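Understanding the architecture of this molecule
The lines below spell out each chain.
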Amino acid sequence: MALTISSYLQSAQSSQLNAPLNVSASQSTTQATTQDTTQSTASASNRSSESERYTAVQQSQANAKTAISAASSANKDIGNSLKQVREVATQLADDSISSKEREKLQADYQKLRENIVASQDKATVKTGDNKTNLLRDDKNMIVSTNTKGGELEVASSKSAKGLLLPEKITSSAQARALLDGNEQQAGSLANAEKVTSSTASRLKEADKDISSRLETSTAVAKSVQQLENAKNGSGSLSAEKEQQKEKALEFARAAAERIKSQLEGLSGGNNKNNNSLLSLFS
């Protein structure tokens with residue numbers, strides 16, 4: 001039995017003598033790991049760029065939705081103001097009203113026109129580094145649709161200030177002219193109402209389209225980011241892996257302790273041999 005233990009100890013001590021070889025192997029492994037890490041970093045960089053591209057598309061569409069929502073809300077207010085303009089202009093077209101009443105109605109009209117201008121201004125929103133107003137901008141809004149350079153245009157109404165309605169109505173004749181003008185006549189009430197109605201319909205369709213695209217691009221951007229997190233070991237998956245790693249280390253420590261205990265029992269109290277063997281588990 002003593003010879004067996006001695007042979008075992010010699011074998012263990014021989015393992016210690018071969019430690020430099022293990023270190024050399026470890027260095028090789030480290031170099032390989034460094035190369036893998038470099039490649040992994042480059043791969044992660046590519047994936048990050050991919051994520052950034054999808055996020056850029058998502059942001060472009062989100063900006064468009066913001067601009068559309070602002071324009072829709074402002075356009076609705078304009079529509080309500082135009083209804084009141086028609087009521088006031090109808091009263092002003094009556095030659096029989098008193099001067100005092102006419103003066104009051106003229107002031108009401110001017111206020112309503114100011115409200116229309118204010119509503120047009122309210123449609124202006126910040127979209128990224130730009131400001132967009134889909135009621136009055138003289139150009140359409142360009143929106144990204146994919147990471148390959150695809151784009152679409154959200155049309156602007158290109159409406160003039162106050163929809164070209166006169167700043168004042170100074171007579172019943174002017175009120176009648178405003179009311180009698182047709183939809184093709186710029187500055188007529190009918191034309192202002194047509195522009196507002198067609199804008200509402202167009203913005204509704206644009207919002208439906210952009211909302212659908214935004215839902216898709218958001219889902220894709222989120223999926224790409226989750227994939228990157230999984231491959232890079234970040235996010236919730238990282239915490240799970242960290243827990244698994246800790247469990248593995250805990251198991252290894254327990255196993256080492258059990259082996260140490262067994263070796264202590266076999267060493268027969270030989271402190272020198274015991275210390276040499278136990279150092280393998282330090």
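Presented here is an overview of the structure given in this document. (Residues numbered from 1 in each chain as written. Predicted model: local features only at pLDDT ≥ 70, side-chain atom pairs only at ≥ 80, totals over all residues. Heavy atoms only, no water.)

This part takes up the overall build of the protein chain. Summing up its helical and strand segments, the protein chain has seven helices and four strands in all. Accessible surface, the protein chain as shown: approximately 17,500 Å² in total, 50% of it carbon and sulfur. (Helix = DSSP H or I, 4+ residues; strand = E, 2+ residues; numbered from the N terminus. Areas by Shrake-Rupley, 256 points an atom, 1.4 Å probe, with all protein chains shown as cover.)

On to the pairing of strand β3 (residues 141-144). Only one face of β3 is covered, namely the one carrying M141 and V143; the face carrying I142 and S144 has none of its residues buried. Inspection of the sheet shows β3 paired to strand β4 (residues 151-154) by four bridges, in the antiparallel sense. Following the sheet pairing, M141 is matched in β4 by V154. (Buried < 20%, exposed > 50% of the residue type's maximum accessible area, 1.4 Å probe, protein only. Pairing = 2+ DSSP bridges.)

Residues L152 and V154 line the buried face of β4, whereas the alternating positions E151 and E153 sit on a face that is not buried. Here β3 hands over to β4 after six residues, with G149 in that stretch at a positive phi of 95°.

Moving on, we get to the pattern of salt bridges. Inspection of the entire model under this criterion finds seven salt bridges. Between D77 and K122 there is a salt bridge, with its nearest N and O atoms 2.5 Å apart. Of this pair, D77 sits in helix α2 (residues 19-92) while K122 is found in helix α3 (residues 99-122), placing the two residues 45 residues apart along the sequence. The class of D77 is partly exposed, set by a relative accessible area of 28%. Between K104 and D108 there is a salt bridge whose closest N-O contact spans 3.1 Å. Taken together, the residues span about one helical turn, with K104 and D108 both in helix α3 at a distance of four residues. (Salt bridge = Lys/Arg side-chain N within 4 Å of Asp/Glu carboxyl O.)

What follows covers unusual backbone geometry. You will see that K158, though not glycine, has its phi angle at about 55°, which is positive. Note on placement: K158 falls in the loop between β4 and α4 (172-180). Backbone geometry places L164, a non-glycine residue, at a positive phi of 65°. Within the secondary structure, L164 sits in the loop between β4 and α4.

Our focus in this paragraph is α4. Within α4, burial applies to S172, A175, L178 and L179. Buried residues in α4, looked at end-on, bunch into an arc of 120°, giving them a common side. (Arc of directions from axis to C-beta.)

Interpretation note: all reported values are geometric properties and have no functional meaning in isolation.
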